[in-house]
Amino acid sequence: MIYKKTEVTIENNFVKTVLIGDYNSERTQAYLKDLEYKVSQIKDNNFGLLLNSNEFEGATANSYKLSEEFQKKLMEMKNFKGKAIVLNNNLYLTMAEFFAPTFKKENIKTFNNE
């Protein structure tokens, strides 16, 4: 299967991510490795994380568990100030909260265009 590349960029101390398609363990590991590298480039500066999940189509249970491990590291960083997630389907947030309990600890608000 050919996947579109997940975009991870840095802009004004924000790590911006665009999640595209679906994620298995291998794809999630590659994405998290790239994300961790980008976070390390910020060094000791305060930063936030912006996740655009409009083109996200789901993930395996193990992918959510891998994300949970990274999320725990992120929450321990003193310079991490917050995260915003753009979702096209609240079901993905429900699944993330089920498989990655740290999502429940976050202050997440949902919006729709209707």
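Here the structure is shown first, and the text comes after it.
On a predicted model such as this, the values are computed, not experimentally measured, just so you know. (Residues numbered from 1 in each chain as written. Predicted model: local features only at pLDDT ≥ 70, side-chain atom pairs only at ≥ 80, totals over all residues. Heavy atoms only, no water.)

Visitor: Explain the overall build of the protein to me, please; I cannot follow it from the model alone.
Guide: Along the protein, the regular secondary structure elements total 3 helices and 4 strands. The secondary structure elements of the protein, listed N-terminal to C-terminal, are β-β-α-β-α-β-α. A buried classification covers 36% of the 114 residues belonging to the protein. Expressed as a percentage of contacts within the protein between residues at least 6 apart in sequence, the contacts between residues at least 24 apart total 71%. Put simply, the protein shows about 7600 Å² of open surface, and 51% of that area lies on carbon and sulfur atoms. (Helix = DSSP H or I, 4+ residues; strand = E, 2+ residues; numbered from the N terminus. Buried < 20%, exposed > 50% of the residue type's maximum accessible area, 1.4 Å probe, protein only. Contact = heavy atoms within 4.5 Å. Areas by Shrake-Rupley, 256 points an atom, 1.4 Å probe, with all protein chains shown as cover.)

Visitor: Help me understand the packing of helix H1 (residues 25-42) against helix H2 (residues 61-76) in this model?
Guide: Each pair of packed helices can be summarised by the angle the axes make with each other and by the distance between the axes. Two elements in contact, H1 and H2, have axes whose closest approach is 9 Å; the angle formed by their N-to-C orientations is 15°. By the criterion of interaxial angle, the relationship of H1 to H2 is roughly parallel. Where H1 crosses over H2, the handedness of that crossing is right-handed. Within the contact between the two elements, H1 uses Ser25, Thr28, Gln29, Leu32, Leu35, Glu36 and Val39 and H2 uses Asn62, Ser63, Leu66, Ser67, Phe70 and Lys73. (Axes fitted to C-alpha atoms, helices over the stretch in contact; angles between N-to-C directions. Parallel < 35°, antiparallel > 145°, perpendicular 65-115°, else oblique. Left-handed = near helix turned anticlockwise from the far one by under 90°.)

Visitor: What is the right way to look at the environment of Tyr92 in this model?
Guide: Tracing the backbone through its elements, the reader meets Tyr92 in helix H3 (residues 90-99). Looking at Tyr92, the relative accessible area reads 15%, which means it is buried. C-alpha separation for the pair Tyr92 and Phe56, spaced 36 residues apart in sequence, amounts to 8.7 Å. Apart from residues no more than four positions distant in its own chain, Tyr92 is found in contact with Phe56, Glu57, Gly58, Tyr64 and Leu87.

Visitor: Would you mind showing me how to read the pattern of salt bridges here?
Guide: Between side chains of opposite charge, pairing is possible as soon as their charged atoms come close. Applying the stated rule across the entire model yields 2 salt bridges. Among the ionic pairs, Lys16 bridges to Glu11, the shortest N-O distance being 3.3 Å. Look at Lys16 and you get partly exposed, because its relative accessible area is 30%. Taking the relative accessible area as the measure of exposure, Glu11 reaches 43% and is therefore partly exposed. Between Glu36 and Lys73 there is a salt bridge; the shortest N-O distance is 3.7 Å. With Glu36 in helix H1 and Lys73 in helix H2, this pair connects stretches of sequence that are 37 residues apart. Among the residues examined, Lys73 registers a relative accessible area of 44% and is labelled partly exposed. (Salt bridge = Lys/Arg side-chain N within 4 Å of Asp/Glu carboxyl O.)

As far as function goes, none of this settles anything; it's purely spatial.
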